[in-house]
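Structural characterization, general
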Amino acid sequence: MNQTEKVIGIEELNHRRFKTFPFSHDFCITCGLCSSSCPASGIDGFDPRMLVRMVGLGLEDKVVNAKWPWICTMCGKCEHVCPMDIRIPDLVRHIRGLREKAKIPGVLQKGLEAALKTGNNLALPKEDFIYILEDVADEIAEEPGFENFKVPIDKKGANLLTTIHNKLVNTHTEDLKYWWKIFHAAKEDWTITSENWEGTSWGLFTGDDEAVKVMAGRIVEQMKRLEIKNLLWPE
Amino acid sequence: MVADLEMKTLIIGSGPYAVNVAKDLLEDGNEIIIASKGEVAPINASETDGIDPASILTDTKILSCRGCAGDFTILMGSGGKTVSKKISGVVIAEEYERKPNFSAYGLKPAPDVLPLSFLTGSVIIVKDTIKKLPQGGKIVFLTGLGYESNPVTAEEIMLASLKLQTDFNLQTYILTGNLKVAGNGLEKLYRETKTAGTVYFKFTNTSPLILQDNEGKVSIELIDEITRLNFRITPALTVVDETISPSGYLKELALVFGLHTGADGFLQSGNLHRTGIYTNRKGVFVAGPSRSVLNAADNITDSANAAILTSGTGITGIKESKPTAEIRSGSCIRCLTCYRCCPYRAIDLDIRPSVMSDACEGCGICFAECPRGAISLNLPDNRNAADEIRQSAGSIKSSPLIIAFCCSRSAVRAKELAICMGYSLPENLKVVEVPCSGYVSMEYILSAFQNNAEGVLVLTCHAGNCHSEDGNIFARNRVEQLKEAFSRMNFKKERLEINTLASNMGYEVAQIVCNFENNLKALGSGDLKKQKEQK
């Protein structure tokens, strides 16, 4: 026996706990194709096969509190190669959702909470948002061929609603210009909503299905409010 | 001795599969005899319903078997008497011997340490035992740790585990080396057990530490090799797997019937022509547990097939008219070489040996092995190998004469394929088609050289592929003995070669004969001339 590790009494484990996951029947045959295909395999000991095994055994606390679920990039290569069709990325995402909110790593939970509270990850007030958009529009209007360019905000009945990734009104405002110039050149009838414009949905990464639902619902609401049929959600 | 002139099927066995064969045959209006070596009829009344008790012979051993399919005479020692029966066909359906692997796991039998067949046997007993298990009790199966298990054991364990999980809501663990799932439906069953909640631990680099206290209670410490975590299981019930081996009686039956056995001791050799329930002896079939480690479904299929093949006149089948061996009584000295080398038990021993034409397959091994040349066997279509060899000598061309003895089942077909595929073969290659390379006697090979062949090839089937079991081995032995003799008489032994082929090896046969021709050209003809001068 490995003397350095403590011995876990099998009766402490509930092997059926993870059977409540709709997709996690543990058909694993321990072939290891997932681990050999995973680009994150080996980072801080991450190993998708081990993760699947721990889930199967019912080592819930160990898995939920491990760093590994947050190392996974959810690229899905493991799922692609798995001969037993185990949906490992879904499993990882579900495990993330079981993590205590306060212990979610990085800025993910902070950004998500801000978005749920204010409508965007930055908690950027409406006035500031509009000011930034108009400022960018003025800069475009100075370029030849775009003389009368204006940014259409809250235009009712437009053809296309586009969401905004928060970094585009923060550190990457230059990137807005490419999109807008294309719309202009294509004579697209487009608009941006002044409320709940956030295009990111970090609940996707934290396994928070409720938050994802709220964020998506808000965009649908904006489409209804502005009577728009088409959505461009570049995130 | 009691003589019996009626024709019946003899079923050797005492278990459910022997009874299955009997019931199927009776349903079809056949007569049967069950010969069970046990002292007491091991089959209960309800199972033998419809079987005339007079046709069940207990405490009965088979002593000898003469004759051929449709006309066997079998001597049996039954309850101290010797009985002779006329039998049309024989089905051997002896049960397995199962030995629990307690010692392999360092365990002793105890009330909660049981062999696998305990769980696969009578459901009623199992239910009582299982019901007594404590709530939340864990059940551990130990299988294939430190030795190779098999799919039959895997299936039994998975079925038992599934039942315990689903019907009794008990948590099962399967501790295994390699889980053998190479059988019908076993991957599906594996998935079902996983869905039901069975947990598997697979050991490749480590072994579980299995401890048993004085009261027989088991405690297992193990490393899960994937998570590298240590676990302890204290099972309420530990089930050990069993080694499934052929009945010891099969050895005796193999001798009595002249059957080839496999390396594992079952009554079917690894020869690929022994498929299904066939043995090397026509009219003698080997069903289920007597031929291999099979699951219950396959064993039942086997017993059904055995009944079909021995039913009515099915046993004799359609008689093919083909040449069979004949022993000339004037030359025979009764050395019994033919009896020993015949792969089909087609030689009948009476005052003198004779060939039973219904059993003879015309392979010619006896013809080539008979030290007195007392056996004749013509080739199909009244061909004569000796004439064909002589005729080959007629035309002398620029390239060396090669006489190739080709087995009709492999090399002849391969050569035909080579021609179809457009490979060019040596100009002066003469093929003598033989029913089996076992037919190619030393005399034929020497005769080929005497008739101006510069090289002789024996082209035969791969090891284990010979339809006549050992024909290719007899041929190889003869070739090797001759090569040894050639090397001592300054005759180049490279002039004689043996190669194995399959019928689909067109390219390879072309390669073999062309390389052989090149080798012969390189050898020159010095040794041939010397032989001629000596002649």
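Residues numbered from 1 in each chain as written. Chains lettered and ligands numbered in written order. Predicted model: local features only at pLDDT ≥ 70, side-chain atom pairs only at ≥ 80, totals over all residues.

Notes on the overall build of chain B
Quick note on the threshold: Under the DSSP-based scheme used, a helix requires at least four consecutive residues in state H or I and a strand at least two consecutive residues in state E, with every element numbered from the N terminus. We call two residues in contact whenever the C-beta atoms placed from their backbones are within 7 Å.
Along chain B, the regular secondary structure elements total 15 helices and 25 strands. With the C-alpha coordinates aligned to their principal axes, the bounding extent of chain B is approximately 95 × 65 × 40 Å. Pairs at least 24 apart in sequence give 70% of the contacts found in chain B among residues at least 6 apart.

A short note on the overall build of chain A
As a reminder of what qualifies: With the radius of gyration taken over C-alpha atoms, the globule rule is written as 2.2 Å times the number of residues to the power 0.38. Buried, partly exposed and exposed are defined by the number of other C-beta atoms within 10 Å of a residue's own C-beta, namely 20 or more, between the two limits, and 12 or fewer respectively, with C-beta atoms placed from the backbone.
The helix and strand tally for chain A stands at ten helices and four strands. In sequence order, the secondary structure elements of chain A are arranged as β-α-α-α-α-α-α-α-β-α-β-α-α-β. For chain A, whose C-alpha radius of gyration is 23 Å, the value lies well above the compact-globule estimate of 18 Å for 235 residues. Summarising its shape, the C-alpha atoms of chain A cover approximately 75 × 30 × 30 Å along the three principal directions. Looking at the 235 residues of chain A, the share that counts as buried comes to 31%. Across chain A, the fraction of contacts at a sequence separation of at least 24, relative to all contacts at a separation of at least 6, is 74%.

What to know about helix α12 (residues 442–450) of chain B
Residue and element names in this part refer to chain B. So the rule is basically this: Arc definition: directions from the helix axis to the C-beta atoms.
All of the buried residues in α12 are Tyr-444, Ile-445, Ala-448 and Phe-449. With its buried residues spanning 140° around the axis, α12 presents them on a single face. Looking at the buried positions of α12, the neighbouring elements they touch are α10 (385–392), β22 (402–407), β24 (455–461), α13 (471–488) and β25 (496–501).

What to know about the packing of helix α7 (residues 126–141) of chain A against helix α8 (residues 173–185) of chain A
The packing of two helices is summarised by the inter-axis angle and the distance between the axes. Residue and element names in this part refer to chain A. Operational definition: Convention adopted: a line fitted to C-alpha atoms gives each axis, helices being fitted over their contacting stretch, and angles between N-to-C directions are expressed from 0 to 180 degrees. When the near helix sits turned anticlockwise from the far one by under a right angle, the crossing is termed left-handed; a clockwise turn instead gives a right-handed crossing. For this scheme, ten residues count as nonpolar: Ala, Val, Leu, Ile, Met, Phe, Trp, Tyr, Cys and Pro. Four count as charged, namely Asp, Glu, Lys and Arg, and the remainder, Gly too, count as polar.
Taken N-terminus to C-terminus, the directions of α7 and α8 make an angle of 65°; their axes are 10 Å apart at the nearest point. Handedness of the crossing formed by α7 with α8: right-handed. Contacts from Ile-132, Val-136 and Ile-140 of α7 reach α8 at Thr-173, Leu-176, Lys-177, Trp-180 and Lys-181. Grouping the constituent residues of the contact of α7 with α8 by class yields five nonpolar, one polar and two charged.

Quick look at the sheet that holds strand β11 (residues 199–202) of chain B
To summarise the sheet geometry, strands pair through backbone hydrogen bonds and adopt either a parallel or an antiparallel arrangement. Residue and element names in this part refer to chain B. The line we're drawing: Strands qualify as paired when DSSP identifies two bridges or more between them.
One open sheet holds the five strands; their spatial order is β8-β15-β9-β10-β11, and the pairing between them is parallel. Two strands lie at the open edges of the sheet, namely β8 (113–115) and β11, each paired on one side alone. Here the strands of the sheet are splayed against their neighbours by 20° on average, with no regard to which way each runs. Taken together, the four bridges between strand β9 (residues 138–143) and strand β15 (residues 237–240) define a ladder with parallel strand orientation. Along β15, the bridge assignment pairs Leu-142 with Val-240.

Side note on the interface of chain A and chain B
Where the parts come together, the accessible area they lose is often given as the size of the interface. Every contact between the two is made by 18 residues of chain A and, on the other side, 19 residues of chain B. Looking at the side of chain A that touches chain B, the elements with two or more residues in it are β1 (7–9) and α2 (48–57) of chain A. Per element, the largest residue contribution to the side of chain A that touches chain B is five residues, and it comes from α2(A). Grouping the constituent residues of the side of chain A that touches chain B by class yields eight nonpolar, five polar and five charged. Bridge count between β1(A) and strand β14 (residues 229–233) of chain B: three bridges; the pairing is parallel. If you follow Val7(A) over to β14(B), its bridge partner there is Asn230(B).

Some details on the domain arrangement of chain A
Residues and elements named next belong to chain A. In plain terms, the rule: In this document the domain limits rely on a domain assignment from an automatic tool or a database.
By the assigned domains, chain A splits into domain 1 (10–99) and domain 2 (108–232). Computed from C-alpha atoms alone, the centre-to-centre distance between domain 1 and domain 2 is 36 Å. Each side of the interface is counted separately: domain 1 has four residues, and domain 2 has four residues. Each residue belonging to the side of domain 1 that touches domain 2 can be placed in one class, and the counts come to no nonpolar, two polar and two charged.

Comments concerning the environment of Arg413(B)
Residues and elements named next belong to chain B. Among the secondary structure elements, Arg-413 is positioned in helix α11 (residues 411–420). On the basis of neighbour count, Arg-413 is assigned to the partly exposed category, with 19 C-beta atoms found within 10 Å. C-alpha of Arg-413 to C-alpha of Leu-209: the two residues are 204 residues apart in sequence and 58 Å apart in space.

Things to note about the sheet that holds strand β12 (residues 209–212) of chain B
Strand order in this open sheet of four strands is β1(A)-β14(B)-β13(B)-β12(B), and the pairing throughout is mixed. A single partner strand is all that each edge strand has here, and the edge strands are β1 of chain A together with β12 of chain B. Neighbour-to-neighbour, the strand axes of the sheet open up by a mean angle of 25°, direction not taken into account.

Quick notes on the packing of α10(B) against α12(B)
All names here are of chain B. Counted only if it meets this: Note on angle classes: values under 35 degrees are labelled roughly parallel, values over 145 roughly antiparallel, values of 65 to 115 roughly perpendicular, and the remainder oblique.
Packing of α10 against α12 leaves a shortest axis separation of 9 Å and a crossing angle of 20°. Of the possible angle classes, the one that applies to α10 and α12 is roughly parallel. For α10 against α12, the interelement crossing comes out right-handed. Between α10 and α12, the residues in contact are Ala-385, Ala-386 and Ile-389 and Tyr-444, Ser-447 and Ala-448, respectively. For the contact of α10 with α12, a count of residues per class yields five nonpolar, one polar and no charged.

Some remarks on the confidence of the model for chain B
Residue and element names in this part refer to chain B. Where we set the bar: On a range of 0 to 100, pLDDT expresses the predictor's confidence in each residue.
Across chain B, the average pLDDT comes to 89, with 93% of residues at 70 or higher. Under a pLDDT of 50 for its full length, residues 1–5 has, in the predicted model, nine contacts with residues more than four places off or in other chains. Both confidence scores are given for the complex: pTM 0.77, ipTM 0.77.

A look at the domain arrangement of chain B
Here chain B is partitioned into domain 1 (8–96 + 246–315), domain 2 (98–244), domain 3 (326–376) and domain 4 (380–534). Classifying every residue of the side of domain 1 of chain B that touches domain 4 of chain B gives one nonpolar, six polar and no charged.

Comments concerning the pairing of β25(B)
The two faces of the sheet receive side chains in turn, since in a regular strand these alternate between them. All names here are of chain B. How we decide: Viewed with both strands pointing away, a crossover whose connecting path from the first strand over the helix to the second turns clockwise is right-handed.
Of the strand pairs in this sheet, β24 and β25 are connected by six bridges, and their pairing is parallel. Along β25, the bridge assignment pairs Cys-461 with Leu-501. In this view, the connection linking β24 to its parallel neighbour β25 by way of α13 has right-handed handedness.

Concerning unusual backbone geometry
Positive phi is not limited to glycine here, since Ala123(A) has a value of about 55°. Its place among the elements puts Ala123(A) in the loop between α6 (108–118) and α7. The phi torsion at Arg345(B) lies on the positive side, around 55°, for a residue other than glycine. In this fold, Arg345(B) is placed in the loop between α8 (337–341) and β19 (347–349).

Re the nonpolar core
Applied cut-off: Joined through C-beta atoms within 7 Å, a set of buried Ala, Val, Leu, Ile, Met, Phe, Trp, Tyr and Cys residues constitutes a nonpolar core.
The biggest cluster of nonpolar side chains holds 68 residues, and the ones touching the most others in it are Ala404(B), Leu459(B) and Val509(B). Each of domain 3 (326–376) and domain 4 (380–534) of chain B contributes no fewer than three residues to this core. The residues touching Ala404(B), leaving out its near neighbours within four places in the chain, are Leu429(B), Val431(B), Leu457(B), Leu459(B) and Val513(B). Grouped together as the second largest cluster of nonpolar side chains are 56 residues, Leu91(A), Ile95(A), Tyr105(B) and Val140(B) included.

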